[in-house]
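So the chains spell out like this:
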Amino acid sequence: ANSTFPYSFQLSYSDRLQLVKLCAEKLVVHEQMTTGKQSQDAQRLAATLAMLRTSLVGFASCTARSEDDAIVAYNALTNIVIREGKLTTIQFAFRRMLSTCMDSTSPHLVSAIGGCLSDLIVKYNGSRFYADGVFTRDTIVFVAKCIDERTPLPRDNEEAASNKDQLIEETTTAKRRKTTCRPCHLLVLLRVARYLYGFLLESDTIQASFAESMSTLELIGSATILIGYPYDLAVVKSAAQLVALSLSYNEKFVQMATIRNIFIRTKASLNNWKNDANIVDALHDLIITVSRQSETFAFNLTSYIVKACSLKELSKTSVWKMVALLSSVQPDIVSRLLSNLDASISDASEADITIQQIKTLLCCGMATNGAARSATTQACVALSKAVSSHWTLFQLVRHAFATSSFGFAQHILNACLLEKCTSRNNFLWLQSLSKMASAEESLRANGALGISDALMNMSSCYSTISSLDAISEIQPISIFQFQQEFIKARLYFLHLCKTTRLMCTEIIVTGDAASYSRSALIRNNLHKSFRLLSSRYMQMYRLHGLHHCQQTRSALRTLLAACRLLSDFVELVFSKPEANANNTIVVQEDVATQPPTGDKGHPMGLLLRRLRDGALAKMEASSEPPLFLTPELVDVIDAILMCPVHFPPAFLRAKIIPRAYAKLAENPSSFEKRAGTNMDDAYVSMDANGVEIIEILPGVTFKLVFSGVIPKAFIRSAAVDFSQVIAWHTLAYEGQIVEEDDAEEVNINEGSDAVSPALDNAASEPFTASLLPDGAFIMQCDFDPIPQEGYYRVKIELGCRDVRCGEWIVPTKDTVELVLCVRDKRVLFLEKH
């Protein structure tokens, strides 16, 4: 910033730039200085920050010698406004930067300022249910107006929507309305609107709710028109993502008029970009979302593609990419129209078209069994002979796993890839995939009869992957952590299904269920085992879901739902009411109160929903004794085993999750001075395992400081944008205090016979903090008083929270823990003196 006394305190341009960078990356404002009572120091700080913001605006607008230097100043301004956390300040900064962004003609500067605007929205609001409704409501009204002023005028008929010349004319009209509008400006506005939409909630007042709803409808209408934008494919993709997001989280937009308008704009976009196959990728999210919610849209779009292909209005590659995309959502509709499409381009011989044909057949055959599934596999094998690239064949294997076509995947792996593999690591990797495909194919073909073969092949797959992980050069971080955890979960699931069927068979054969036997003990604990397995899937979801695709997260939720459903069935049939009342095993669940449903569009998701609404409801209403329902339980297990499993695509992608650095330390200012002693507030020592021990007073609140750095590699790896850092803590009693006069060495891990005090860890909310631009974080952890003396262990687990309030685990390099020695040293001091 400019110096007030230039002759006595002069700074060069490089010095000023370094100060600006320091503000952009490291500036932190204490929460007590911006909230609560405004003391003299707080008022002085507020005035200083106001001057600093003004100086940064001047530096970015006038003094900066390059666009990169101006971007650094805008980043610093964003960081200061977020740390200050005042509504009026952030509103002014947002409007100022958005105005600068719209006036700029440099795409690089516009994109950078757009990133600052997104950070303002995400980091200021935090998460969906903690967002500032006033800022969100005012901002979405302002952004909707900006987009509307730069959007082509709407059309009233379908023919006009398909006319590219009229669309160009309307876009020219929009340019006359805002002559500075460029594709980069639209990209920024659409991205900002997409982030804003993630924070929308029902407002408290009718007037505010009406204004917010009208602006949201206006925003979605403008985005729908921009789906047919003819000048930049990136604008089409951003608009399609915004519309897809709105349809996913607000059912009132799913109306016939809205769906029809989206269909018209989608046709216009396909016509505008008919020679560019990337248009399918741009419309991917929109087509998936709308097709899931409207079968009419999927049928009409498929029919249009078949007609356009016969008239040669669309390229063959675009046609088959679109058909493959639609078949992944609505395979029944595509199957009915697939014969017409085959007749239209039966002479196609391009390799990329062949790949899309194989993907389409695999998706359409996902829900078939018996002869139909064998015919689909043979057709795909015949088509795959035209593919020569090994990498393309492996991509087909990935798609085969995702569509539960394990027979085709096993054929490609054994006949095409393993025989020509020259690397040891690649051979072990492909061999493990072949074993996994064989196991899943055995289950789908034979059901419960294939459990033994599946267990053998999965165990072999796990051993091979463990060997591959041991010889990998990346140590100590495991590159196959997800694969190993998933295989173990599947093994446990099959073991539980096998045990459950054995218990059912025993009751069916003997006609009796002894109450006091080993079998009775197993039956009473089976539902708890299924519930624990569902908790393991949830742990995998929270640890790995952040870094993988939506299909992986959906697959884990579906498998979790299967475990929960079987737990409910087994509990209904086997468990006794008195056993449930005196349950000594506590199963801590991380899932919502309502049972998870998984992906409703997948065959397994449909099966689970029908079993819960049909079979489970009838069994609960049945007047027969529960043990007489064991045949129905056997049928349920067989149906789930033979259903196409929702296989996570992440299993075929080895990926490292970067570890964060975190440290838990004392906060000396939180401890009161101990009267009558000359000791410091906290005496620090180490236990036998090298964990720090802190002494605190009983019955006094205490504070700890949790800090660390989340690496940029972790942030880049995340597939979901997160805005907050959170920390879950557990406080456990370790044992009594043993004085040095009574024992030579203190080992707190040996435990104690004393009664453990009750500590309520479940009721405590996680600690939260915002993330600094360089990935660093620091948070103050306030703990309730501990009344009883003794040793206590505090463990902190690092996590993050996205804009939709989804909470994810962030792995750390080391376990973050401290040992608290709770005792009153004033008593010892008085006794000695």
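Every value quoted in this text rests on a predicted model; they were computed, and no experiment measured them.

1. What to know about the overall build of the chain
Across its full length, the chain carries 31 helices and 10 strands. Within the chain, the fraction of its 833 residues that count as buried is 50%. Contacts in the chain between residues at least 24 apart in sequence constitute 78% of all its contacts with a sequence separation of at least 6. Surface accessibility of the chain: about 39,300 Å² in total, with carbon and sulfur atoms responsible for 52%.

2. Quick look at unusual backbone geometry
In this structure, Ser404 takes a positive phi of about 60 degrees despite not being glycine. Structurally, Ser404 is set in the loop between helix 20 (390-402) and helix 21 (406-417). On the accessibility criterion, Ser404 (0% relative accessible area) is buried.

3. Focus: the pairing of strand 10 (residues 816-822)
Along any regular strand the residues' side chains alternate between the sheet's two faces. Extensive coverage of strand 10 is indicated by the burial of 6 of its 7 residues. Where strand 8 (residues 790-802) lies against strand 10, 7 bridges are found, and the strand directions are antiparallel. Following the sheet pairing, Gly790 is matched in strand 10 by Val822.

4. A closer look at helix 4 (residues 87-103)
With 17 residues, helix 4 extends 24 Å from end C-alpha to end C-alpha; this agrees with the ideal 24 Å at 1.5 Å per step. Within the span of helix 4, buried status applies to Thr89, Ile90, Ala93, Phe94, Met97, Leu98, Cys101 and Met102. Where the residues of helix 4 are buried, they touch helix 2 (40-63), helix 3 (67-84), helix 5 (107-125), helix 6 (133-149) and helix 9 (183-197).

5. What to know about empty space enclosed by the protein
Applying the stated criterion to the full structure yields 5 cavities of 30 Å³ or more. When its volume is computed, the largest cavity comes out at roughly 140 Å³. Taken together, 17 residues line the largest cavity, and the ones lying closest to its centre are Arg490, Phe493, Met604, Ile640 and Val645. Among the elements of the structure, helix 22 (424-446), helix 24 (481-510), helix 26 (550-574) and helix 29 (630-642) are those that each provide at least two residues to the lining of the largest cavity.

6. Concerning the pattern of salt bridges
This model, assessed by the stated rule, comprises 13 salt bridges. It is possible to trace a salt-bridge network through shared partners that takes in Arg53, Glu84 and Lys86.

7. What about the side chain of Thr78?
Its location among the elements puts Thr78 in helix 3. According to the relative accessible area criterion, Thr78 is buried, its value standing at 4%. Among residues more than four places away in sequence, those in contact with Thr78 are Met97, Cys116, Asp119 and Leu120.

8. Quick look at the pairing of strand 8
Within strand 8, 11 of the 13 residues are buried, leaving the element largely enclosed by the surrounding structure. In the sheet, strand 5 (residues 722-735) pairs with strand 8 via 12 bridges, with the strands oriented antiparallel. Residue pairing across strands places Gln724 opposite Arg801, the latter belonging to strand 8. Relative to strand 9 (residues 807-809), strand 8 runs antiparallel, the two sharing 3 bridges.

9. Considering the sheet that holds strand 4 (residues 702-709)
Taken in spatial order, the 3 strands make up an open sheet running 1-4-7, and their pairing is antiparallel. Whereas interior strands pair on both sides, the edge strands pair on one side only; in this sheet they are strand 1 (661-666) and strand 7 (776-783). Strand after strand, the sheet turns through a mean of 20 degrees between neighbouring axes, direction not considered.

10. Regarding the environment of Ile71
Positionally, Ile71 belongs in helix 3. For Ile71, a relative accessible area of 12% puts it in the buried group. In the structure, Ile71 is positioned 38 residues away from Leu109 in sequence and 6.9 Å away in space, judged by C-alpha atoms. The residues contacting Ile71, other than those within four sequence positions of it, are His108, Leu109 and Ala112.

11. Observations regarding the packing of aromatic side chains
Counting across every chain of the model gives 21 aromatic pairs. Consider the rings of Tyr124 and Phe135, whose centres lie 5.3 Å apart with planes at 80 degrees: the pair is edge-to-face. You can see Tyr124 sitting in helix 5 and its partner Phe135 sitting in helix 6, a full 11 residues away along the chain. Here Tyr124 and Phe135 have matching classes, each one buried. A centroid spacing of 6.2 Å and a plane angle of 10 degrees characterise the contact between Phe482 and Phe486, whose relative ring orientation is stacked. Taken together, the positions of Phe482 and Phe486, both in helix 24 and 4 residues apart, correspond to about one turn of that helix. Residue Phe482 is classed as buried on the basis of its relative accessible area, which comes to 4%. The ring of Tyr13 has Arg65 sitting right over it, with the charged end atom 4.0 Å from the ring centre.

12. Things to note about the environment of Pro811
Checked against the element boundaries, Pro811 lands in the loop between strand 9 and strand 10. Along the backbone, Pro811 and Ala660 are 151 residues apart, and their C-alpha atoms lie at a distance of 6.3 Å. Beyond its immediate chain neighbours, meaning those up to four positions away, Pro811 contacts Leu543, Ile657, Pro658, Arg659, Ala660 and Phe714.

13. Considerations on the side chain of Lys321
Within the secondary structure, Lys321 sits in helix 16 (residues 316-327). Side-chain polar atoms of Lys321 contact the backbone oxygen of Ala277, separated by 3.4 Å. With sequence-adjacent residues up to four places away left out, Lys321 is seen in contact with Ala277, Val280, Asp281 and Gln356.

14. Remarks on the packing of helix 24 against helix 25 (residues 518-544)
Between helix 24 and helix 25, the shortest axis-to-axis distance is 10 Å and the interhelical angle comes to 160 degrees. When the axis of helix 24 is compared with that of helix 25, the two are roughly antiparallel. The two elements helix 24 and helix 25 cross, and the hand of that crossing is left-handed.

15. Thoughts on the nonpolar core
Core analysis: the biggest nonpolar cluster contains 128 residues, and Phe493, Phe651, Phe706 and Leu820 have the highest contact counts within it. If sequence neighbours within four positions are ignored, Phe706 has contacts with Ala662, Lys663, Leu664, Ala727, Phe777, Ile778, Met779, Cys781, Ile796, Leu798 and Val816. Core analysis: the second largest hydrophobic core is formed by 106 residues, Leu109, Ile227, Cys309 and Leu325 among them.

16. Observations regarding helix 28 (residues 603-621)
Compared with the 27 Å implied by 1.5 Å per residue over 19 residues, the 26 Å span of helix 28 between its first and last C-alpha is a close match. At Leu611, helix 28 is bent by approximately 35 degrees, the largest bend along its length. In the core, the buried residues of helix 28 are packed alongside helix 26 and helix 29.

17. Remarks on the packing of helix 3 against helix 4
Remark: helix 3 packs on helix 4, axes separated minimally by 9 Å, with the N-to-C direction vectors making an angle of 160 degrees. The angle between the axes of helix 3 and helix 4 places the two elements in the roughly antiparallel class. Considering how the two elements wind past one another, helix 3 and helix 4 form a crossing that is left-handed. Between helix 3, through Tyr74, Leu77, Thr78, Val81 and Glu84, and helix 4, the contact on the second element is made entirely by Thr89, Ile90, Ala93, Met97 and Thr100. A breakdown of the residues in the contact of helix 3 with helix 4 according to their chemical character gives 6 nonpolar, 3 polar and 1 charged.

How each quantity is defined
Residues numbered from 1 in each chain as written. Predicted model: local features only at pLDDT ≥ 70, side-chain atom pairs only at ≥ 80, totals over all residues. Heavy atoms only, no water. Helix = DSSP H or I, 4+ residues; strand = E, 2+ residues; numbered from the N terminus. Buried < 20%, exposed > 50% of the residue type's maximum accessible area, 1.4 Å probe, protein only. Contact = heavy atoms within 4.5 Å. Areas by Shrake-Rupley, 256 points an atom, 1.4 Å probe, with all protein chains shown as cover. Pairing = 2+ DSSP bridges. Expected span 1.5 Å × (residues − 1). 1 Å grid on protein atoms, 1.4 Å probe; cavity = no way out; pocket = protein on both sides within 12 Å on 5 of 7 lines; lining within 4 Å. Points joined across faces, edges and corners; volume = space filled by probe spheres on them. Salt bridge = Lys/Arg side-chain N within 4 Å of Asp/Glu carboxyl O. Axes fitted to C-alpha atoms, helices over the stretch in contact; angles between N-to-C directions. Phe/Tyr/Trp six-rings, centres within 6.5 Å; stacked < 30°, edge-to-face > 60°. Lys NZ or Arg CZ within 6 Å of the ring centre and 35° of its normal. Polar contact = N/O pair within 3.5 Å; in protein donor to acceptor, adjacent residues only side chain to side chain. Parallel < 35°, antiparallel > 145°, perpendicular 65-115°, else oblique. Left-handed = near helix turned anticlockwise from the far one by under 90°. Core = buried A, V, L, I, M, F, W, Y, C linked by side-chain atoms within 4.5 Å. Bend = angle between axes of the 7 residues up to and from the residue. Nonpolar A, V, L, I, M, F, W, Y, C, P; charged D, E, K, R; others polar.

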